[in-house]
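# Residue-level structure breakdown
Each chain, written out:
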Amino acid sequence: CNCWLISCICAGEENWVDSRTIYVGHREPPPGAEAYIPQRYPDNRIVSSKVGYCPHPHLFHQVAQLCSLIIDTPTSPITSGLPLFFVITVTAIKQGYEDWLRHKADNAMNRCPVHFIQHGKLVRKQSRKLRVGDIVMVKEDETFPCDLIFLSSSRTDGTCFVTTASLDGESSQKTHHAVQDTKAFHNEQDIDTLHATIECEQPQPDLYKFVGRINVYHDRNEPVVRPLGSENLLLRGATLKNTEKIFGVAIYTGMETKMALNYQAKSQKRSAVEKSMNVYLIVYLCILISKALINTALKYVWQSELFSDQPWYNQKTESERKRNVFITAFTDFLAFMVLFNYIIPVSMYVTVEMQKFLEIGEGPLVNTSYLNEELGQVEYVFTDKTGTLTENNMEFIECCIEGHVYIPHVICNGQILHDCAGIDMIDSSPGGSGKEREELFFRALCLCHTVQVKEDDNLDGLKKAHPSGRSCLYISSSPDEVALVEGIQRLGYTYLRLKDNFMEILNRENVIERGFLFDFLQTNIFKSHFNILYFTFLGEIFLFCKGADSSIFPRVAEGKIDQIRARVERNAVEGLRTLCVAYKKFTSKEYSSVQKHLQDARLALQDREKKLAEVYEQVERELILLGATAVEDRLQEKAADTIESLQKAGIKVWVLTGDKMETAAATCYACKLFRRNTQILELTTKKIEEQSLHDVLFDLSKTVLRHSGSLTRDTFSGYVEISDSDPGSNWTSEQWNVVYLGVCRVALADRPIVKLIKLSKEHPITLAIGDGANDVSMILEAHVGIGIIGKEGRQAARNSDYAIPKFKHLKKMLLVHGHFYYVRISELVQYFFYKNVCFIFPQFLYQFFCGFSQQTLYDTAYLTLYNISFTSLPILLYSLMEQHVSADILKRDPSLYRDVAKNALLRWHVFIYWTFLGVFDAVVFFFGAYFLFDNTTVTSNGQMFGNWTFGTLVFTVLVFTVTLKLALDTRYWTWINHFVIWGSLLFYILFSLLWGGIIWPFLNYQKMYYVFMQMLSSGPAWLGIILLITVSLLPDVLKKVLCRQLWPTETERTQTKHQCLSVEQSTIFMLSQTSSSLSF
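Under an unreviewed UniProt entry, the name given to the protein chain is Phospholipid-transporting ATPase, and the source organism is Sphenodon punctatus. According to UniProt, the comment filed for the protein chain under the heading Sequence similarities (unreviewed entry) is "Belongs to the cation transport ATPase (P-type) (TC 3.A.3) family. Type IV subfamily."

Here it is as structure tokens:
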């Protein structure tokens, strides 16, 4: 597509340098400042449409056959080309329509009006004409036309609010900051006087990363250099909110914007069924080639006999005798390929696409319809904990300061529970220095966060009064931050606002404390801990640090560590989320040194993150521990029932979380992932420190092998902890298979763990489910990715294959819909191969009786319409509506899921059975009709049946047999099934009567005239048709009966059981039956 091509070209041109220089407003720097080197960048056009249509890979074989039609083929070009033309046309129309819609959307976007500054005036032009370096003005509720560096806004503090829902799904407003030296420019004239250059990295798709710096020139003095980061970058597609207007300079345009670079499609996921289809297609392609080779060889063997090559009535011409024998043989080979090409079920792919498109019912948001059947093959489920298993509805439970425990009002999303009043203290309040630490703890929680305060008299009908007399609402992308700020408010400290880098809090004495915010120190993208440099009104400089115990305790030098650690572990056992708080004081000299190192690191264009991490490591040493907090996140409704059902279905569940082992274990007990009698196999960093990794894994292996005979889901569960330096990140797949169920504490991205299980020896089908942006990596890596539409934005849902509202819906999605999808499409695939073998193998046998002359057994119309009309609708409807067991039974008995696991219905022995069944039926059709015609006087008037009557008799038995075979396999009958199945047979009869009963003026010759009526006028023909259909269906019926009696599957036992129950309850009538659109 165009976007890929342009991206590659742009990247190729700029690989010579690591950064680019942009001249703001296209103004050259002052003389002597630096060399002016104009650079060329793409315009602002967005191109998402494709250049042209490219068919699916499996069609290339058929296209090759289309080219061979120039040879003297045994069938007409229409007969050979029409099915292929139909397939390609349907796909091309679908893709062409989608491409037209993309063109239409691109044109609308590229022609949007944009305001930019030119010679101190506001000028309007189309978006596509924007260039890098243009200064753009964007008004409230408008989207940014390209990636901009934020220069100034209508707000005096130089901030603006932005929503990025169209980029990453995050609906919360984000605060962006203007460059310090340009935020005072509030109008067009001021902006036009700006002399500045921007140095930044080349375009890259990461939405959350940007490295650059701006040089602002004042007269001829040395430029003022300021660092630029993601907080200064306004992305194309984001929307300006609660800000009248902003000015920004374009740095990335068109296909170089981060939004366009993220157009690149996710790696194509392919289901196990699709892989099996392709393998079986190769097998049938080999069969096709073998048939053609055998017939070509036998033709020349037969023609080697005297007078066989040139009978008296068909002598060769002189030119035919002089033709090269190898060219003639190759031509014959291609002719046989065309004759037998119908064994390749091209129409199967169209039917599968239609089935997947029509099969989508109500309930989930479907982003990827071609993975429906994969829902019935899942062996591993990787799930996030917070927001997925839990509600992500945080309640502040308690805090521990210097060993003293405080329990405030219970706050939940701003609502005060009525049964709690006042501040309950488990321990007495500390005195002296302990009192000072207590106040520092409360201040740290009031200040160390990214919460925004939205002030209003009435917000969404909810009025929240504060002691300050103001009404406000706390907003944050993290619910636990809001819970902490609200919880501390009930303990007497209220966070008021952040304005002009001054943070205000209201203390217990109703005195407003105001201090200067020096800096936020965001340690890493996983937010394992969070720092803030804060200057109080008393002249003291503090570093407040809040984070997980695993991040805080290694950095702590003093404080009541043992008491607080004990409380943290106790809360973790109860399933509470814990955070620790620490602080450190700086002198002015120490702060100046820190600030210098920070500034140097932030101005770096290369390895900025690494240099910042080194500075942070120096700053965060020798902290003083203040205390810890505990927040509760309740388990979602029916989460435990869902996990229990998945386990009964044979699915292994892994919980990937960043919580402590005790917290994770408590949650797993609550959701029934762990049982009280379960032996926990623990593999943590602490245990590896005591014992080598090899010894730990060896002991675990011995334990599992010792109980292998009685191994059940309640026997063992594993807890695995992975940290940045943990060798577990490099474990082999076999080592992971030690545990049957697992919980991981992950400090790295979740993706490597999912990938490790995917690539294990068994290659199991994996499913990942999560609700946050941090879950996207494992959602993309797993075979099936499920996004929860939760409180952490919609990024997980947007990147997933399917999105559901709650974790509990996963049960029905896998056990019911996944089961149905897999059974239906498996039958569809096997049936298509079966009916094509039945169709073309009699043609292969017929060549032995016609001197390998490539004479067709069937009429041209029958060859064309067999897969398009006569046998297509019944299997399509079957694949949409079949329910071999009711949905209620599948939900009540999850063990039925095991019957279809591991691609059970598309294994080799099943495929071979269907193929040999097709060969057997084809032999019955052909030789049954052949021996019937052995007595040439099969009509009452003594007339003999000819070649076309013989082929019509075989084709009639074929159509009835394959249709009735599907009817025998159908268990869920509705009026639609009856209409389509019997209607297809009736359509064949009516078509044959019309095709052979009327002289069609557009045909040069009509070889089928009166053939079908003549066949139906013969009593032996009727008897032969009925007898051959019965003999063809009998082996499959006997096999089903014997297997159901001697080796029944769990599904067959359930069917038999409920058939008996339905007979006993025969007075119950089903008034209506619906299709497979089962809602969640």
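### Focus on the packing of helix α7 (residues 272-303) against helix α9 (residues 325-340)
α9 packs onto α7 with a crossing angle of 135° between their chain directions and a minimal axis gap of 9 Å. Considered as vectors, α7 and α9 are oriented oblique to each other. The way α7 lies across α9 gives a crossing that is right-handed. Each of L288, I289, K291, A292, L293, N295, T296, K299 and Y300 in α7 lies in contact with α9, whose residues at this interface are V325, T328, A329, D332, F333, F336, M337 and F340.

### Some details on the pairing of strand β2 (residues 113-118)
Pairing between β2 and strand β3 (residues 121-126): 6 bridges, direction antiparallel. Note that in β3 the partner of H115 across the bridge is R124. Count of turn residues in the β2/β3 antiparallel hairpin: 2 residues, of which H119 carries a positive phi of about 55°. With 2 bridges connecting them, β2 and strand β4 (residues 135-139) associate as antiparallel partners. When the bridges of β4 are listed, F116 appears paired with V136.

### What about the environment of E274?
In this fold, E274 is placed in helix α7. Taking the relative accessible area as the measure of exposure, E274 reaches 26% and is therefore partly exposed.

### Section: the side chain of D801
Summarising the element assignment, D801 is placed in the loop between α24 (795-799) and β37 (802-804). A distance of 2.8 Å separates a polar atom in the side chain of D801 from the backbone nitrogen of G785.

### Brief notes about the sheet that holds strand β5 (residues 147-153)
Strand order in this open sheet of 6 strands is β3-β2-β4-β13-β5-β11, and the pairing throughout is antiparallel. The open sheet has two edge strands, β3 and β11 (233-234), and neither has a second partner. Across 6 bridges, β5 lies against strand β13 (residues 245-252) in antiparallel orientation. Each bridged residue has a counterpart across the sheet, and for I149 the counterpart in β13 is V249.

About the cut-offs
Residues numbered from 1 in each chain as written. Predicted model: local features only at pLDDT ≥ 70, side-chain atom pairs only at ≥ 80, totals over all residues. Heavy atoms only, no water. UniProt positions renumbered as here; feature names shortened; annotations may be inferred. Axes fitted to C-alpha atoms, helices over the stretch in contact; angles between N-to-C directions. Helix = DSSP H or I, 4+ residues; strand = E, 2+ residues; numbered from the N terminus. Parallel < 35°, antiparallel > 145°, perpendicular 65-115°, else oblique. Left-handed = near helix turned anticlockwise from the far one by under 90°. Contact = heavy atoms within 4.5 Å. Pairing = 2+ DSSP bridges. Buried < 20%, exposed > 50% of the residue type's maximum accessible area, 1.4 Å probe, protein only. Polar contact = N/O pair within 3.5 Å; in protein donor to acceptor, adjacent residues only side chain to side chain.

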